[in-house]
Amino acid sequence: RRPVAVLAQVCTVNLSAVLNEHSSFGSMASQTKPMYTRFVQPGRLALITYGPCEGKMCTIIDIVDQKRVVVDGPESLTGVKRHLMPVSRLSLTDFRVDIQRGAREKTLKTALAKDDTMKKWSETAWAKKIAAQKVRSEMNDFDRYKLMMAKKRRAKAVKKTIKK
C-alpha cells in the first residue's frame, strides 16, 4: 500500500503533465472576457416584454431606483411614450446611444438617427425573429393553408432531387 501523501503527489504531477500537454487550458485563463456587458444605463436600447407596449423598442432615459427606469421610444419612431417602467419588463440589447441622463425627446431622436441604431437593430437575428413571429401570428386561415401547401411542394421537390 502507498501512503496517502504519495498518492496525492502522483495525482498532482499527472494533472500538471496533462495541463502542460494541452496548452489551450493555459491560454483560456489568460484571455479575460467581460462576463456581462448589457448594463442598465441611459441610452441603452431595450425591448419591452410585458404590458401594453409589449414587443416595442424603447430607450432608457433615466434610472429612478434599482428596479425602475424612465423609458422613451421616441413615440414617432417606436410608438412608446415616455413613462416609468420596471427593469424586469425590459430585455436589454447590445445597442447604446450616447445621451445624458434625462435627455429630451429631440436629443434622443438625433442620437438614434446619427448612429442608425434602429436600422442596425432591425438587421439583427433577434429583430428578424420577432418580425417573423408577428407575421405568423397575424396569418389568417387561408394564409396558413397556403403556407402548408408551399411546405408540401418544397418537401416533394427535395425528395425528388435526393432520389436522383
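If you're wondering where the values come from, they're calculated on a predicted model, not measured in any experiment.

Counting its secondary structure elements, the protein contains seven helices and five strands. The helix and strand sequence of the protein, counted from the amino end, reads α-α-β-β-β-α-β-β-α-α-α-α. A total of 164 residues make up the protein; the buried ones form 23% of that total. Counting contacts in the protein only where the partners sit at least 6 residues apart, residues at least 24 apart contribute 48% of the total.

As a further point, take the sheet that holds strand β3 (residues 68-72). Spatial ordering of the open sheet is given by β4-β3-β2-β1-β5, a layout of five strands whose pairing is antiparallel. The open sheet has two free edges, formed respectively by β4 (83-86) and β5 (90-96), since each of these has just one partner strand. Pairwise comparison of adjacent strand axes, ignoring direction, gives a mean angle of 45 degrees for this sheet. Where strand β1 (residues 44-48) lies against strand β2 (residues 57-63), three bridges are found, and the strand directions are antiparallel. Across the sheet, the residue bridging to Ala-46 is Cys-58, located in β2. Sheet strands touched by helix α4 (residues 105-115): β1, β2 and β3. Its angle to β2, the strand with the most contacts, is close to 125 degrees.

Another aspect to go through is the nonpolar core. Side chains that are nonpolar tend, in soluble globular proteins, to be buried together. Ranked by internal contacts, the top residues of the largest apolar core, which has 14 residues, are Leu-45, Val-97, Ile-99, Leu-108 and Trp-121. Only β1, β2 and α4 provide two or more residues apiece to this core. The element contributing the most residues to this core is α4, with three residues. Setting aside anything within four residues of it in sequence, one finds Val-97 in contact with Pro-42, Gly-43, Thr-59, Leu-108, Ala-111, Leu-112, Asp-115 and Thr-117.

Quick notes on the rules
Residues numbered from 1 in each chain as written. Predicted model: local features only at pLDDT ≥ 70, side-chain atom pairs only at ≥ 80, totals over all residues. Heavy atoms only, no water. Helix = DSSP H or I, 4+ residues; strand = E, 2+ residues; numbered from the N terminus. Buried < 20%, exposed > 50% of the residue type's maximum accessible area, 1.4 Å probe, protein only. Contact = heavy atoms within 4.5 Å. Pairing = 2+ DSSP bridges. Axes fitted to C-alpha atoms, helices over the stretch in contact; angles between N-to-C directions. Core = buried A, V, L, I, M, F, W, Y, C linked by side-chain atoms within 4.5 Å.

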